[in-house]
Amino acid sequence: MPFLRLALLHAAAAHKQPKANRTLLLDLFRRAGDAGAQLALAPEMAISGYSFSSRDDIAPYTETVDGPTLASLEEIARSYGMYACIGLAEREQPTNMFYNSAFVLAPSGEVVCRYRKINAEHRWACPGNPRDDNTFATPWGRMGLLICSDSYQSLPSRISALRGADLLLIPANWPPTGLDPREIWRARAMENGIHVAACNRTGMDLHMDCRHGPSVVYNPQGTPLLEHTSPENRILLVDLPLTENNRLPSAARLDCLQQRNLTDISSCYLNLAGITDLTAFLRLPEPGPLMIDCVAITSMEAIFAHLMTFQADQENISTVHLLPAAGYSDRFLDELRQYCAEKGQAVVLTRLGEAEGLYWMQADEPVDYRPYQYGETNDQQLPMFDFGPARLLFAPLATLRHPEPILAAAKQGCDLALSSDRCLSPGEQLLAGVRTIDNIAVAVCTAQGGGIWITPEGHQRWEEHLTGKKRTCRYLLDTGRTRKKRFQDRVDYQLLLAGNPCPLGDLPGKERLVRQDA
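Bear in mind that the values here come from a model prediction, so they are computed numbers and not experimental data. (Residues numbered from 1 in each chain as written. Predicted model: local features only at pLDDT ≥ 70, side-chain atom pairs only at ≥ 80, totals over all residues. Heavy atoms only, no water.)

### Describing the overall build of the protein chain
When helices and strands are counted, the protein chain shows 13 helices and 24 strands. Taking 24 Å as the expected radius of gyration for a compact globule of 518 residues, we find that the protein chain reaches 25 Å, a close match to that expectation. Here the protein chain holds 518 residues, and the buried ones make up 58% of them. Of the contacts formed within the protein chain by residues at least 6 apart in sequence, a portion of 70% connects residues at least 24 apart. Working note: accessible area of the protein chain is about 20,400 Å², and carbon and sulfur atoms make up 47% of it. (Helix = DSSP H or I, 4+ residues; strand = E, 2+ residues; numbered from the N terminus. Rg over C-alpha atoms; globule rule 2.2 N^0.38 Å. Buried < 20%, exposed > 50% of the residue type's maximum accessible area, 1.4 Å probe, protein only. Contact = heavy atoms within 4.5 Å. Areas by Shrake-Rupley, 256 points an atom, 1.4 Å probe, with all protein chains shown as cover.)

### Quick word on the sheet that holds strand 11 (residues 224-228)
The strands making up a sheet associate through backbone hydrogen bonding, with each pair oriented either parallel or antiparallel. What the six strands build is an open sheet, ordered 6-7-8-9-10-11; its pairing is mixed. Among the strands making up the open sheet, the edge pair consists of strand 6 (135-138) and strand 11. Ignoring strand direction, the axes of neighbouring strands in this sheet form an average angle of 15 degrees. By the bridge criterion, five bridges tie strand 8 (residues 167-171) to strand 9 (residues 195-199) in an arrangement that is parallel. Each residue of the ladder has a partner; that of Leu167, found in strand 9, is His195. Lying over the sheet, helix 5 (residues 181-192) contacts strand 8, strand 9, strand 10 (215-218) and strand 11, oriented at roughly 20 degrees with respect to strand 10. (Pairing = 2+ DSSP bridges. Axes fitted to C-alpha atoms, helices over the stretch in contact; angles between N-to-C directions.)

### Here's the deal with the nonpolar core
In this structure, Leu8, Leu167 and Trp185 are the most contacted members of the largest nonpolar core, which totals 83 residues. The biggest single contributor to this core is helix 10 (residues 403-411), with five residues. The contacts of Leu167, once residues within four sequence positions are left out, are Leu4, Leu39, Arg142, Met143, Gly144, His195, Val196, Ala197, Leu240 and Leu248. (Core = buried A, V, L, I, M, F, W, Y, C linked by side-chain atoms within 4.5 Å.)

### Here we look at the pattern of salt bridges
Two side chains carrying opposite charge are able to pair once their charged atoms lie near each other. Scanning the entire structure with this criterion turns up 31 salt bridges. Put simply, Arg211 and Asp209 hold a salt bridge, and the shortest N to O gap is 2.7 Å. Judged by its relative accessible area of 36%, Arg211 falls in the partly exposed class. Judged by its relative accessible area of 32%, Asp209 falls in the partly exposed class. Through salt bridges with shared partners, a single network forms among Glu90, Glu92, Arg114 and Arg116. (Salt bridge = Lys/Arg side-chain N within 4 Å of Asp/Glu carboxyl O.)

### Considerations on the sheet that holds strand 19 (residues 390-394)
Judged by pairing direction, the sheet is mixed, and its six strands sit side by side in the order 18-19-20-21-22-23 without closing on themselves. Strands with a single pairing partner mark the edges of an open sheet, and in this sheet they are strand 18 (384-387) and strand 23 (463-468). The mean angle between the axes of side-by-side strands here comes to 20 degrees, regardless of whether they run parallel or antiparallel. Here six bridges tie strand 22 (residues 449-454) to strand 23, and the two strands are oriented antiparallel to one another. Bridging across to strand 23, Gly451 finds its partner in Leu466. Lying on the sheet, helix 11 (residues 426-435) is in contact with strand 21 (441-446), strand 22 and strand 23; it crosses strand 22 at an angle near 20 degrees.

### So, the pairing of strand 19
The buried fraction of strand 19 amounts to five of the five residues, a majority that puts the element mostly inside the structure. Neither face of strand 19 is exposed, since Ala390, Leu392 and Phe394 on one face and Arg391 and Leu393 on the opposite face are all buried. Both strand 18 and strand 19 contribute to a ladder of four bridges, which runs antiparallel. Within the sheet, the bridge partner assigned to Phe385 lies in strand 19 and is Leu392. Two successive antiparallel strands, strand 18 and strand 19, enclose a turn made up of two residues, where Gly388 displays a positive phi of approximately 55 degrees. Here three bridges tie strand 19 to strand 20 (residues 416-420), and the two strands are oriented parallel to one another. Counted as the bridge partner of Phe394 is Leu418 from strand 20.

### A word on helix 1 (residues 18-34)
For helix 1, with 17 residues, the first-to-last C-alpha span of 24 Å sits near the 24 Å given by 1.5 Å per residue. Along helix 1, the residues that are buried comprise Asn21, Arg22, Leu25, Leu26, Leu28, Phe29, Ala32 and Gly33. The arc that holds every buried residue of helix 1, seen down its axis, measures 160 degrees, which confines them to one face. Away from its buried face, by an angle of more than 90 degrees, helix 1 presents the exposed residues Lys19, Thr23 and Asp34. (Expected span 1.5 Å × (residues − 1). Arc of directions from axis to C-beta.)

### Section: the pairing of strand 22
Among the six residues of strand 22, six are classified as buried, and the element is accordingly described as predominantly covered. Residues of strand 22 alternate between two faces, with Gly449, Gly451 and Trp453 on one and Gly450, Ile452 and Ile454 on the opposite face, all of them buried. Across five bridges, the pairing between strand 21 and strand 22 is antiparallel. In the sheet register, Thr446 faces strand 22, and the bridge partner there is Gly449. Linkage of strand 21 to strand 22, two consecutive antiparallel strands, is achieved through a turn of two residues.

### Observations regarding the state of the cysteines
Under the definition given, this model contains zero disulfides. This cysteine, Cys423, is not joined by any disulfide, and Cys445 carries the nearest cysteine sulfur, 12 Å off. Judged by relative accessible area, Cys423 falls into the partly exposed class, the value being 45%. Cysteine Cys473 is unpaired, with the sulfur of Cys294 as its nearest cysteine sulfur at 4.3 Å. (Disulfide = S-S within 2.5 Å.)

In structure tokens, the structure reads:
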């Protein structure tokens, strides 16, 4: 089977030691070429090190595109006939603006991609332009380029997939504290159906200990092809399988993008950066405590026994009970409606069978039924409703496999996304957690188990509360927490919302999604 040999240069970057770092990295590029690498990837800020306090502090360590690093790397790329990617502190002429940049050189020595970090360092770097193309064509298909924390938010990776990238390269400088970046990078592979390769640094920076920072490669299903940490410099080789046409596989990416329902995502572009009080601006319910009750039980008798016992402990708190997808009877739904009217609570579920659809019940409201299937072409938006101190989104589990609809709901003030389905895989558990980065809590309930995921504090990991089959879990959510929303809005929204104009590798004139391989 044909393959693409990828080399990750898992190297230490000594702070403010550009000559030593350049010597080290160029030697690693040569050794990667000797090992047969066709594509070699070095870390973020690989020549200067990372931590700088101001423009004056970093100025002596910035380089232009015709500086010594790229000039030397050009010779190596030509000599070995390989693609080479490296992260630099770039100085633009004649503006004298500084960027955290990454460059890709082709086997010809030509710079075929320059990407400037969007989540740029506040003390010295200018953010990149989100509409600049971060992809480039190769004989094996189109590849994309992001830098480190630009992969933290969901949309830059999705934009890369829409631009046709089947392999996403991520030079990184991500220390192993707080959130584990492996979860982020694995999720980006799964939700976009692409390979993801992240080359992290190792060693000690001025302030950061990166000796156990991970470098990884994941396939489009999120299966790890490489997960490596080492305090020593290492060349990590991975052979990526290609199709019979010597191309990176595109089927998973194209299938993923074709499943998008554009009706649900238009609100992604809304700019809330200047809004200090989302509750007043969006006319949301006043924030307060909301009990989330995830009931992974399908026996109707057992469900009612749980509800009555649960209510005795929660008389004065608004509660939403989330039930799994099952073939609930009309009589059972009527009894749930009566329960909600009497107790002032809400119940959310998916009904299977002839009347399949999304149902919710709450006090003084009729049963609401939505025959909604994510990915179908229709004008029906995902249902939202206000209950107690929260704005809620009710969505099929398939929705959580896509970043846009959850982000769009968050920008409409949603505090919690609810999903009721048949089963929940470990990969879907990860995606549910990753969705909370977009400022919205998530709860999923299935007959096989479920969970509740709460928005992270800073760059810590999200809270996760899981339950198994025939069991329950609960969480008291303060919706004042989910109203504190911050978004990365430096995004190419025109491309995101225009449909699926993703090019296929280096083939010109392809503006519609076409399946490239089986």
